[in-house]
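Each chain, letter by letter, is given below.
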Amino acid sequence: VLPPLTVTSPCKILKCNSEFWAATSGSHHLGAEEAPEFCTALRAYAHCTRRTARTCRGDLAYHSAVHGIDDLMVQHNCSKDGPTSQPRLRTLPPGDSQERSDSPEICHYEKSFHKHSAAPNYTHCGLFGDPHLRTFTDTFQTCKVQGAWPLIDNNYLNVQVTNTPVLPGSSATATSKLTIIFKSFQECVDQKVYQAEMDELPAAFVDGSKNGGDKHGANSLKITEKVSGQHIEIQAKYIGTTIVVRQVGRYLTFAVRMPEEVVNAVEDRDSQGLYLCLRGCPLSQQIDFQSIRSAQAGEGRARRKGPSLPPEPFTYETATAKCREKLPVEDLYFQSCVFDLLTTGDVNFMLAAYYAFEDVKMLHSNKDKLHLYERTRVLAPGNAAPTGTHPTLWVALLCLCWLCLL
């Protein structure tokens, strides 16, 4: 049974966060003369959260922001009464103390390894497209996973994604919301929450900060905006982790590089439950391309008449040609690209597959495992796919059936 459909939330906490960050950019270490202006911006932030409170009751980022505002009010001796306009505050000069280079050794994962210790082993997980999942064990799956699902859940951070239908009535879904929680860690970082949605890819945490807070090793957690509104990178050096979040078209992609030690840092692995990057999608949520034809037969005809579709949907030939422009190797990223173009008609899914592979090249530690060619779905008894199939044959079979619908 699928989880309940989760639609894009009317909660506007990201807008409140962005406005506060714009008003206080670079002002975390203001002098006393700037305190009144900071308090004014903070009151405006609180006012914004109150306006959206009704639609944000179950939103983790909202509750984190409310608690953060209360803490900042106390830290800066701000009165809750007063002006709430949002002046643009002065930014810090280059080389300000916010860039802390004296973080304790424990806040730098790689430096904490002694010379006689073996270097850490890194692994990668990625989610993109319709959606396609590459797990920490290099298993490649295409899944339904509609609604909210945990992607990562360990002792250091949680990642949750929400996938929504690409088209009304279609089984094709894509990631529309992403929440990342970095848990408080020793003297390194305070708890931080990052949240992105369609058309909202902030370059800051929900409390407006860009690093791990006020602790001595705060700079071991840092957000960098690579392309405004399209590409951010989060470095969590204290756990040796790099996260890349992109918006491609309307939807989000996620990629992470993480040490195996951190991947497996869970209190009780046997009773942990779902954790897609580690365990993959549940069997009931996996899509087997060999048996997808009957499920898509009726949908294919209905889909091609929909008002949201482009006037000329992709054929197998045009889809493969388009995917080869960016993905010349016919691996699973290429095949996922072809599948997504045929099922959605949206060329941005080709770019999502391309950027997902670019992230693999940057984040995967084993360059011999960049390309994957064999599907790794665990099939239930009686639902076995033919073995020894050429990696492009299943695509041809799918598309042959698709063309029969025309």
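Residues numbered from 1 in each chain as written. Predicted model: local features only at pLDDT ≥ 70, side-chain atom pairs only at ≥ 80, totals over all residues. Heavy atoms only, no water.

The name given to the chain in an unreviewed UniProt entry is RGMA protein, with the source organism recorded as Erithacus rubecula. Word for word, the UniProt comment on the chain under Subcellular location (unreviewed entry) is "Cell membrane". Taken verbatim from the UniProt record of the chain, the Sequence similarities (unreviewed entry) comment is "Belongs to the repulsive guidance molecule (RGM) family." (UniProt positions renumbered as here; feature names shortened; annotations may be inferred.)

Chemist: So what exactly am I meant to see when it comes to the overall build of the chain here?
Modeler: Secondary structure assignment for the chain yields 10 helices and 11 strands. Going through the 406 residues of the chain one by one, you find that 52% of them count as buried. Sequence-distant contacts in the chain: of pairs separated by 6 or more residues, those separated by 24 or more amount to 64%. For the chain, the exposed area adds up to about 18700 Å²; of that, 52% sits on carbon and sulfur atoms. (Helix = DSSP H or I, 4+ residues; strand = E, 2+ residues; numbered from the N terminus. Buried < 20%, exposed > 50% of the residue type's maximum accessible area, 1.4 Å probe, protein only. Contact = heavy atoms within 4.5 Å. Areas by Shrake-Rupley, 256 points an atom, 1.4 Å probe, with all protein chains shown as cover.)

Chemist: Explain the sheet that holds strand β1 (residues 122-128) to me, please; I cannot follow it from the model alone.
Modeler: In a beta sheet, neighbouring strands are held together by backbone hydrogen bonds and run either parallel or antiparallel to one another. Overall, antiparallel pairing links the 7 strands, which are arranged β3-β2-β1-β11-β10-β9-β8 in an open sheet. The two strands at the open ends of the sheet, each matched to only one other strand, are β3 (140-142) and β8 (221-227). Along the sheet, successive strands turn relative to each other by an average axial angle of 10°, direction set aside. Direction of pairing for β1 relative to strand β2 (residues 132-134): antiparallel, over a ladder of 3 bridges. From the neighbouring strand, F128 faces β2, where its bridge partner is H132. Here helix α9 (residues 348-363) sits on the sheet and contacts β1, β2, β9 (231-236), β10 (241-248) and β11 (251-259); the angle it forms with β10, its principal contact strand, is near 165°. (Pairing = 2+ DSSP bridges. Axes fitted to C-alpha atoms, helices over the stretch in contact; angles between N-to-C directions.)

Chemist: Is there a simple way to explain the state of the cysteines in this structure?
Modeler: Covalent bonding between the sulfur atoms of two cysteines is what defines a disulfide. Evaluated as defined, the whole model comprises 6 disulfides. Put simply, C16 and C48 are joined by a disulfide, and their sulfur atoms are 2.0 Å apart. Judged by the torsion about the S-S bond (-80°), the C16/C48 disulfide is left-handed. With C16 in helix α1 (residues 13-24) and C48 in helix α2 (residues 35-51), the pair connects residues that are 32 residues apart, well separated along the chain. The disulfide partner of C39 is C78, and the S-S distance across this bridge is 2.0 Å. Residues C39 and C78 are joined through a disulfide that is left-handed, its torsion about the S-S bond being -75°. Separated by 39 residues along the polypeptide, C39 in helix α2 and C78 in the loop between α3 (60-75) and β1 bring together distant segments of the chain. (Disulfide = S-S within 2.5 Å.)

Chemist: For this particular structure, what's the right way to read the sheet that holds strand β4 (residues 147-153)?
Modeler: With respect to topology, 4 strands assemble into an open sheet ordered β4-β5-β6-β7, the strand pairing being antiparallel. In this open sheet, the two strands that pair with only one neighbour each are β4 and β7 (192-197). Taken over all neighbouring pairs, the strand axes of this sheet differ in orientation by 20° on average, direction set aside. Looking at chain direction, strand β5 (residues 157-165) and strand β6 (residues 173-182) are connected through 9 bridges and run antiparallel. Residue pairing across strands places Q160 opposite T179, the latter belonging to β6.

Chemist: Help me understand the pairing of β5, please; the structure alone is not making it clear to me.
Modeler: In regular strands, side chains alternate between the two faces of the sheet. Here β4 runs beside β5; their pairing, made up of 6 bridges, is antiparallel. Among the inter-strand pairings, W149 is bridged to a residue of β5, identified as V161. Here β4 folds back onto β5, and the loop between the two strands holds 3 residues.

Chemist: What is the right way to read α3 from this model?
Modeler: Since the α-helix turns once every 3.6 residues, residues separated by three or four places project in the same direction. With 16 residues, α3 extends 23 Å from end C-alpha to end C-alpha; this agrees with the ideal 22 Å at 1.5 Å per step. Here α3 has its buried residues at A61, Y62, A65, G68, I69, L72 and M73. Take α3 and look down its axis: the buried residues cluster within an arc of 140°, on one side only. Opposite the packed face of α3, turned more than 90 degrees from it, sit the exposed residues H67 and V74. (Expected span 1.5 Å × (residues − 1). Arc of directions from axis to C-beta.)

Chemist: Where do I start with the nonpolar core in this structure?
Modeler: Looking at soluble globular proteins, one finds that nonpolar side chains tend to be buried together. Membership of the largest hydrophobic core comes to 46 residues, with the highest contact counts inside it found for I152, I180, F182, Y238 and F254. The leading source of residues in this core is β11, at 4 residues. F20, F38, C39 and A41 belong to the second-largest nonpolar core, a separate cluster that totals 23 residues. (Core = buried A, V, L, I, M, F, W, Y, C linked by side-chain atoms within 4.5 Å.)

Chemist: I'm lost on the environment of M198 in this one. Help?
Modeler: By secondary structure assignment, the location of M198 is in the loop between β7 and β8. Residue classification places M198 among the buried residues on the basis of a relative accessible area of 15%. Along the backbone, M198 and K177 are 21 residues apart, and their C-alpha atoms lie at a distance of 6.6 Å.

Chemist: What exactly am I supposed to notice about the packing of aromatic side chains here?
Modeler: What the rule picks out here adds up to 9 aromatic pairs. Note on F182 and F205: the rings are 6.0 Å apart at their centroids and 80° apart in plane angle, and the pair reads as edge-to-face. Taken together, the residues span a long stretch of sequence, with F182 in strand β6 and F205 in the loop between β7 and β8 at a distance of 23 residues. You can call F182 buried: its relative accessible area is 0%. By relative accessible area, F205 is classed as buried at 1%. (Phe/Tyr/Trp six-rings, centres within 6.5 Å; stacked < 30°, edge-to-face > 60°.)

Chemist: Before we go on, may I ask you to explain the environment of A196 in this structure?
Modeler: As for its position among the elements, A196 is in strand β7. Given the relative accessible area of 0%, A196 is considered buried. When the C-alpha atoms of A196 and T179 are compared, they prove to be 6.6 Å apart, with 17 residues separating the residues in sequence.

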